[in-house]
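# Descriptive analysis of the structure
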Amino acid sequence: MDIYRVGGSVRDELLGLDVKERDWVVVGATAEQLEDAGYRRVGKDFPVFLHPQTGEEYALARTERKTAAGYHGFEVHACPDVTLEEDLARRDLTINAMAIDSDGQLIDPYGGREDLAKRQLRHVTQAFAEDPLRILRLARFAARFAKLGFRIAPQTMELCRRMVDAGEADALVPERVWQELSRGLMEPSPQRMIEVLRECGALEKVLIEVDDLYGIPQRSDYHPEGDAAKHTLLALEVAANHGMPLAVRYAVLLHDSGKAQTPCAELPSHPEHDVRGEQLSEAASERLRVPRECRDVARIVARYHLHAHRALQLRPGTIVELLERLDAFRRPQRFEYFLLACKADYLGREGVASHAEYRQGVLLRRALDAAQEITAKEFVERGMRGPEVGEAVRQARCQAVAELL
């Protein structure tokens, strides 16, 4: 058998990037031979094995044939007569279809190295069109390499459009969409992923709540950058540049979704877009089966981000009420995520420095610290009971915040 290092590690090595994990392809072997050698099979649909010492993935060279619509509609053929070139041909992009042999020689049958030099993302063969998930993967790679100057080849973008028009994107399953979307949100330029999905028409299929924001006007005194989608992408860029976690980035993506449902007569203002946004973020999270933490942060950011922006004008009692609604006393980490998303929203506008201080966030953090010093214990020790205790705690917290202000 012959073993080749393939895929991302080859690509990243040629780009001069750190290689985080290595994948291998085995040519001229059977599954039984690998198992006899101590490899542990982990793939249900594909012949993938873990190396007994390194734990790295080794896959038998294989070809795939489309048999039905969607991600699962493939017939896999893996046997000793499948060549390396045939295995590389089924891969998505030329920059991921290179290999290195045991002598360290590069094997590049589809022009991946040239596309790296051109900073181009290009599909390997027309087989790209057989798997709609590759549209999301393409968008994710565009988000990963945007700062290196990579662009999508025109013929590849046109192929994606034809796939969407043919209904292939309708067959995407929620779990796979979230897997790619969440990974794309954590790339250096997640806003680029959204732009690519929009350009090929897939954003409407994947996240219509964001797609609907395109062309929605906003008040120029608050948002000189233009429509609501542009603001969302600017805020998402801020979140990425500040290294914010996934739950925050997802919340930023959906925070203004309610603006798409503003009645035309009220434009460019958006009264109650926070209430509508809460409902839309919940709908998106339910549809994509988003993890609970991301879902919860997105919901409270959509509903209460305007309250946070007005924090410097709020009365002490209103600030304490906001902290209670956000469940900040019991869930301080989620509250911190909320403030980070509000900061990205605030800074994600033209004319605002991307590293300016978000004073409202500073105030709300200090307010929580001050209010948390007040506990029920001291009032119980004074002989108070039941609702009387809760009211006393609340009044004391309001006083603590008032002193802070």
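Residues numbered from 1 in each chain as written. Predicted model: local features only at pLDDT ≥ 70, side-chain atom pairs only at ≥ 80, totals over all residues. Heavy atoms only, no water.

When you go through the protein chain residue by residue, the secondary structure sums to 19 helices and 11 strands. Dimensions of the protein chain along its principal axes, counting C-alpha atoms only, are 80 × 55 × 40 Å. Residue burial in the protein chain is summarised as follows: out of 405 residues, 51% are buried. In the form shown here, the protein chain has an accessible surface area of approximately 18,700 Å², with 46% of it arising from carbon and sulfur atoms. Each charge class in the protein chain was averaged separately, 56 positive and 66 negative side chains, and the resulting centres sit 4 Å apart. (Helix = DSSP H or I, 4+ residues; strand = E, 2+ residues; numbered from the N terminus. Buried < 20%, exposed > 50% of the residue type's maximum accessible area, 1.4 Å probe, protein only. Areas by Shrake-Rupley, 256 points an atom, 1.4 Å probe, with all protein chains shown as cover. Lys, Arg positive; Asp, Glu negative; His and termini not counted. Charge placed at Lys NZ, Arg CZ, Asp CG, Glu CD.)

Read from one edge to the other, the open sheet built from seven strands follows the order 3-4-5-2-1-8-9, with strand pairing classed as mixed. Bordering the open sheet on either side are strand 3 (40-41) and strand 9 (106-107), each of which pairs with just one other strand. Where strand 4 (residues 48-50) lies against strand 5 (residues 57-60), three bridges are found, and the strand directions are antiparallel. Looking across to strand 5, one finds that Leu 50 is bridged to Glu 57. Sitting on the sheet, helix 1 (residues 8-15) touches strand 1 (2-6), strand 2 (23-27), strand 8 (99-100) and strand 9, and the angle it makes with strand 1 is about 55 degrees. (Pairing = 2+ DSSP bridges. Contact = heavy atoms within 4.5 Å. Axes fitted to C-alpha atoms, helices over the stretch in contact; angles between N-to-C directions.)

Note on placement: Ala 308 falls in helix 14 (residues 292-309). According to the relative accessible area criterion, Ala 308 is buried, its value standing at 0%. As a C-alpha pair, Ala 308 and Asp 131 span 177 residues in sequence and 43 Å in three-dimensional space.

Turning next to the packing of aromatic side chains. Both the distance between ring centres and the angle between the ring planes are used here to describe each pair of aromatic rings. For the structure on display, the rule yields seven aromatic pairs. Consider the rings of Tyr 346 and Tyr 358, whose centres lie 5.2 Å apart with planes at 50 degrees: the pair is tilted. A residue pair is termed long-range when its members are at least 10 positions apart, and Tyr 346 in helix 16 (residues 332-347) and Tyr 358 in the loop between helix 16 and helix 17 (359-372) qualify at 12 residues. Residue Tyr 346 is classed as partly exposed on the basis of its relative accessible area of 27%. In textbook terms, an aromatic cluster arises when at least three aromatic residues are bridged by ring pairs, as seen for Trp 24, Tyr 39 and Tyr 58. (Phe/Tyr/Trp six-rings, centres within 6.5 Å; stacked < 30°, edge-to-face > 60°.)

Once that is clear, we can look at the pairing of strand 2. Among the five residues that make up strand 2, four are buried, leaving the element largely enclosed by the rest of the structure. As paired strands, strand 1 and strand 2 are joined by five bridges and run antiparallel to one another. Bridging from a neighbouring strand, Val 6 pairs with Asp 23 of strand 2.

On to the pairing of strand 1. For strand 1 and strand 8, the ladder comprises two bridges, and the chain directions are antiparallel. Paired with Arg 5 across the two strands is Ile 100, which belongs to strand 8.

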